[in-house]
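# A look at the structure
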Amino acid sequence: MSWRSADEPPVTLPRDPAREAARRELSKGMYHENDPSWYERAMDAFWEWLDKVFGAASAATPGGTLGLIVIVLAVLALLGALWWRLGTPHRAPASSATLFDDRPRSAAEHRAAAEAQAAQGHWNQAVQERMRAVVRSLEERALLDVRPGRTADEAASEAGSVLPAHADRLHTAARDFDDVTYGGRSAAEGTYLRLAALDTDLERTRPALASSAPSTASTADSTRPGAAE
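Now for a quick tour of the structure. Keep in mind the model is a prediction, meaning the values are calculated, not measured. (Residues numbered from 1 in each chain as written. Predicted model: local features only at pLDDT ≥ 70, side-chain atom pairs only at ≥ 80, totals over all residues. Heavy atoms only, no water.)

### Points about the packing of aromatic side chains
Enumeration according to the criterion identifies 5 aromatic pairs in this entry. Taking the centre distance of 5.2 Å and the plane angle of 65 degrees together, the rings of F46 and W47 count as edge-to-face. Between the aromatic rings of W123 and Y192, the centroid separation amounts to 6.0 Å while the plane-to-plane angle is 40 degrees, which identifies the pairing as tilted. Within this pair, whereas W123 is found in helix α5 (residues 123-140), its partner Y192 is found in helix α8 (residues 189-203), the two being separated by 69 residues in sequence. Per residue, the accessibility class of W123 equals that of Y192, and both read buried. (Phe/Tyr/Trp six-rings, centres within 6.5 Å; stacked < 30°, edge-to-face > 60°. Helix = DSSP H or I, 4+ residues; strand = E, 2+ residues; numbered from the N terminus. Buried < 20%, exposed > 50% of the residue type's maximum accessible area, 1.4 Å probe, protein only.)

### Side note on unusual backbone geometry
Residue A142 is not a glycine yet carries a positive backbone phi of 65 degrees. On the secondary structure map, A142 appears in the loop between α5 and α6 (152-162).

### Structural notes on the side chain of D176
Among the secondary structure elements, D176 is positioned in helix α7 (residues 167-181). If we skip the residues at most four places from it in the chain, D176 touches V127, T191 and R194. (Contact = heavy atoms within 4.5 Å.)

### Details of α7
At 3.6 residues per turn, the α-helix brings residues three or four places apart onto the same side. Along its 15 residues, α7 runs 21 Å from first to last C-alpha, staying within 8% of the 21 Å computed at 1.5 Å per residue. Those residues of α7 lying buried are A167, L170, A173, A174, D176, F177, D178, D179 and V180. Looking at the buried positions of α7, the neighbouring elements they touch are α5, α6 and α8. (Expected span 1.5 Å × (residues − 1).)

This is the structure in structure tokens:
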């Protein structure tokens, strides 16, 4: 065995090959078994960013961190009060949407569809079909003109002028129709039963103009000379 003399220089490698050799060695899996996963690295970066944000905010807030906490709690309390006062936001009914959106059907067909939906507990669809039956029935009786683009609110207003005794119930029915169709709300069995009762009552009601005609004629007769007193 030959021994290197102390006067001889140590074995050295050039800088670039040494760096490449070190890189290859450190790239082996045995050195990275305990490295954090990509999720852990992302979470670390997020919490680091959040810490910087809160640090900057607390530095700019009177009272530092305590003042920032007080402001956050006040904002949360305000949002909670608004939520409790206003309730869950609902989409406003689209007043321009039409009442009938498919092929023309008779009032009897709409009633049958409403009863079928009600039998299955589908109250939203039952309310929609029963309201359509109400309006279609008024059109079939010539109390409303046939107008495909009519809305539920328009139908209630026009029918209320002809049947004033039911004007309030008609407007309530139109509002229920809009709520379940465009407002994102759910109808209950009571809503449908109330609308079905209105439909039945309207079928038995005579228009205001027809009932006022005899009284008008009798008044005219009483004003003629020689009329019986």
